[in-house]
Amino acid sequence: MPFGEFIPPMFRWFTDLMQIPLGDFNRGGMNQPSLAWAGERWAPNICYEDLFGEELASRFVDSAQSPTIMVNASNIAWFGDSIAIDQHLQISRMRTLELARPMLRATNTGATAVIDRDGVVQQILPHQARAVLQAQVQGVDAGPTWFAQWAGRWGLWPLWGLGALVLVGAWLGRRR
């Protein structure tokens, strides 16, 4: 996470100026291999890494190695009992829709859930509960979705570029 685990390029001046004691880990490669276990290819992601759909999509470039199940592990106790817990669950649901793979979520205070490939929460534990969620999940070994193909190869930069062109065109149109 930017400003959590690493300092984005060209922002070191900001953290030095503010005297913020942040760690600066190096970022891993985009296309991390899946973990093979029990006949499935597992794609682990930690905390808010599931916010970045293009990073998860990069695992689908090679469809023979693409994940069959995604797993998110989060320590989100610092959110308290806030709307952020539900927001994080919605983010995970969006990733399952984009990538058509189920996701298992394991948290310490809320939104421990099983989400199917269609973004539907199949099972969930109550927030702030000390419990174990037991479920059976079947991985999906289908071809990548159009989103996984697009974002896995090019990321979201073409969309940002298109958005910038639209804004510049609108701005130029208003100046005339």
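Coordinates for the structure precede this section.
So, here's what we can say about the structure.

The rules behind each value
Residues numbered from 1 in each chain as written. Predicted model: local features only at pLDDT ≥ 70, side-chain atom pairs only at ≥ 80, totals over all residues. Heavy atoms only, no water. Helix = DSSP H or I, 4+ residues; strand = E, 2+ residues; numbered from the N terminus. Buried < 20%, exposed > 50% of the residue type's maximum accessible area, 1.4 Å probe, protein only. Contact = heavy atoms within 4.5 Å. Lys, Arg positive; Asp, Glu negative; His and termini not counted. Charge placed at Lys NZ, Arg CZ, Asp CG, Glu CD. Phe/Tyr/Trp six-rings, centres within 6.5 Å; stacked < 30°, edge-to-face > 60°. Patch = residues over 30% accessible without salt bridge, like charges linked within 9 Å, V, L, I, M, F, W, Y side chains within 5 Å. Areas by Shrake-Rupley, 256 points an atom, 1.4 Å probe, with all protein chains shown as cover. Salt bridge = Lys/Arg side-chain N within 4 Å of Asp/Glu carboxyl O. Arc of directions from axis to C-beta.

Topic: the overall build of the protein chain
Right, on to step 1. Check the secondary structure of the protein chain and you find five helices and six strands.
Right, on to step 2. If you line up the protein chain on its principal axes, its C-alpha atoms span 60 × 45 × 30 Å.
Right, on to step 3. Per-residue burial over the protein chain gives 34% buried out of 176 residues.
Right, on to step 4. Of the contacts formed within the protein chain by residues at least 6 apart in sequence, a portion of 56% connects residues at least 24 apart.
Right, on to step 5. Averaged over its 14 positive side-chain charges, the protein chain has a centre that lies 8 Å from the centre of its 15 negative ones.

Notes on the packing of aromatic side chains
Right, on to step 1. Applying the stated criterion across every chain yields a total of four aromatic pairs.
Right, on to step 2. On the basis of an interplanar angle of 50° and a centroid distance of 5.6 Å, the ring pair of Trp37 and Trp42 is categorised as tilted.
Right, on to step 3. The exposure class of Trp42 is buried, given its relative accessible area of 17%.

Describing unusual backbone geometry
Right, on to step 1. Not every positive phi belongs to a glycine, and Cys47 is a case in point at roughly 50°.
Right, on to step 2. Note that Cys47 resides in the loop between β2 (40-46) and α2 (53-57).
Right, on to step 3. Positive phi, close to 55°, is recorded for Ala100, a residue that is not glycine.
Right, on to step 4. Structurally, Ala100 is set in the loop between α3 (83-99) and β4 (103-107).

Looking at a nonpolar patch on the surface
Right, on to step 1. On the surface, Met10, Phe11, Trp13, Phe14, Leu17 and Met18 cluster together into a nonpolar patch covering about 710 Å² of accessible area.
Right, on to step 2. For Trp13, a relative accessible area of 52% gives the class exposed.

Some points on helix α4 (residues 146-154)
Right, on to step 1. Those residues of α4 not exposed but buried are Phe147, Ala148, Ala151 and Gly152. Buried residues of α4 fall within an arc of 110° about the axis and therefore sit on the same side. Those residues of α4 that are exposed and aimed more than 90 degrees away from the buried face are Trp146 and Trp154.
Right, on to step 2. The inward-facing, buried residues of α4 abut α2 and α3.
Right, on to step 3. Looking one or two residues beyond α4, the residue adopting positive phi is Gly155, at roughly 65°.

Description of the side chain of Ser66
Right, on to step 1. Take Ser66: it is sitting in the loop between α2 and β3 (69-74).
Right, on to step 2. The class for Ser66 is buried, based on a relative accessible area of 0%.
Right, on to step 3. Beyond its immediate stretch of four places on either side in the chain, Ser66 contacts Ser34, Arg41, Arg59, Phe60 and Arg101.

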